[in-house]
Amino acid sequence: MEKKKKIIIDTDCGSDDAMAIAMALNDPKYDVIMISTVSGNVCMEQATINTLTTIEYADTYEPPVYKGADKMLLRDLYFAHETHGNDGMGDSGFVPKRLKAQEGNGILKMLEEIRRSEKGEIDLIALGPLTNLALAIRLDYETMTKVGRIVIMGTAGLGVGNVSPVAEFNIWQDAEAAKIVTESGLDKIIYVGWDACLEESMLTPSEIEEIRNSGKLGKFVIDCNKNLMEMNRERFGDNFLDMADPAAMAAALYPECIKVCDKYYCVVDTTNGPSYGGVLVDVNHFSGKEPNVYICSKLDSKKYKEYIYKTLGVK
């Protein structure tokens, strides 16, 4: 029997995080050994509630959930209520009926799990701002070198931003943390850019209905994205869903769906100006510096959507 790959998920659980977490919990090749929460889409406390709710709806197994950072390193928080609702889940009344967060700090628990693992045994998947990861790197860099891959939903990829002309929300929310992670020198940091979930990778209205009608879990992961669909009706003319966190999760757990991913030298802008949170990707290698992170900017939409359907139980 094939040994399951261990993963840790770090999340600011809003509606697209919920779909991504449900996908991971339904992939038999992986074992989610813990989940840590962070402020971002919503406050850390709400992200924790949303994570516990998602685990209940996934109805597979129940990894422990620990609370992480409730503030960014230096900046004030700006929640994404307009995208995900005030509760991050479309204000649809989703709450956990049974599960509760575990005692202990999510950053320290993450380090404990990695410290007692073999090198490369655990992959880390970050779906929100990188505050928890940056603090873990600062607290115990040696332990963090034991992580296999660090797959992050973050950056605009090779495209444009979604919160400013150049910045993507997760990086912009705590660019100082993203700078620490990007410049850490850790191997195999893979940013899955916002551009990876756009165009043909967006879920179409018919695909959305197919997922929603597939059962309890499908209905949950679509209904909690109600606010995003309403926003996209204005942007794209219909109920499309650009699923950033599921794109990152698919790239992490089903790398066969990755179409464009190359390693570049990247710099995070932390200056106090209009480009704050932007990630400079040295595509043409003008700097002459060694590439430090991978940028995944495009998925094979057919394989990506097949993976979503498979892990959400859509027949």
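Look up a bit, the structure's there.
In this text, all values refer to a predicted model and were calculated from it rather than measured experimentally. (Residues numbered from 1 in each chain as written. Predicted model: local features only at pLDDT ≥ 70, side-chain atom pairs only at ≥ 80, totals over all residues. Heavy atoms only, no water.)

K.L.:
How do you make sense of unusual backbone geometry when you look at a structure like this?
P.N.:
Of note, Thr155 is a non-glycine position whose phi angle comes to about 80°, a positive value. Positionally, Thr155 belongs in the loop between strand S5 (150-153) and helix H7 (169-173). (Helix = DSSP H or I, 4+ residues; strand = E, 2+ residues; numbered from the N terminus.)

K.L.:
Sorry, what's going on with the nonpolar core here?
P.N.:
It is characteristic of soluble globular proteins that their nonpolar side chains tend to be buried jointly. With 62 residues, the main nonpolar core has Ile9, Ile211, Val221, Met249, Leu253 and Leu312 as its most contacted residues. When residues no more than four places from it in sequence are discounted, the contact partners of Met249 are Ile9, Ala20, Ile21, Met23, Ala24, Ile125, Leu127 and Tyr254. Of all hydrophobic cores here, the second largest spans 41 residues; its members include Met34, Ile107, Leu133 and Val279. (Core = buried A, V, L, I, M, F, W, Y, C linked by side-chain atoms within 4.5 Å. Buried < 20%, exposed > 50% of the residue type's maximum accessible area, 1.4 Å probe, protein only. Contact = heavy atoms within 4.5 Å.)

K.L.:
How should the pairing of strand S6 (residues 189-192) be read in this particular structure?
P.N.:
Consecutive side chains along a regular strand alternate between the two faces of the sheet. Here S6 shows two buried faces, one formed by Ile189 and Tyr191 and the other by Ile190 and Val192. Relative to S6, S5 runs parallel, the two sharing four bridges. Note that in S6 the partner of Met153 across the bridge is Val192. (Pairing = 2+ DSSP bridges.)

K.L.:
Hey, could you run me through the sheet that holds strand S4 (residues 122-126) in this one?
P.N.:
Adjacent strands of a sheet form backbone hydrogen bonds with each other and so pair up, either parallel or antiparallel. Spatial strand order, S3-S2-S1-S4-S5-S6-S10-S7: eight strands in an open sheet with mixed pairing. Looking at strand neighbours, the two that pair on one side only are strand S3 (65-67) and strand S7 (258-264), the edges of this open sheet. The mean angle between the axes of side-by-side strands here comes to 20°, regardless of whether they run parallel or antiparallel. Here three bridges tie strand S2 (residues 30-37) to S3, and the two strands are oriented parallel to one another. Counted as the bridge partner of Ile35 is Val65 from S3. Where helix H2 (residues 44-58) meets the sheet, it contacts strand S1 (5-11), S2 and S3, and its direction lies at approximately 175° from that of S3. Helix H4 (residues 106-115) rests against S1, S2, S3 and S4 of the sheet, and its axis sits at about 150° to S2. (Axes fitted to C-alpha atoms, helices over the stretch in contact; angles between N-to-C directions.)

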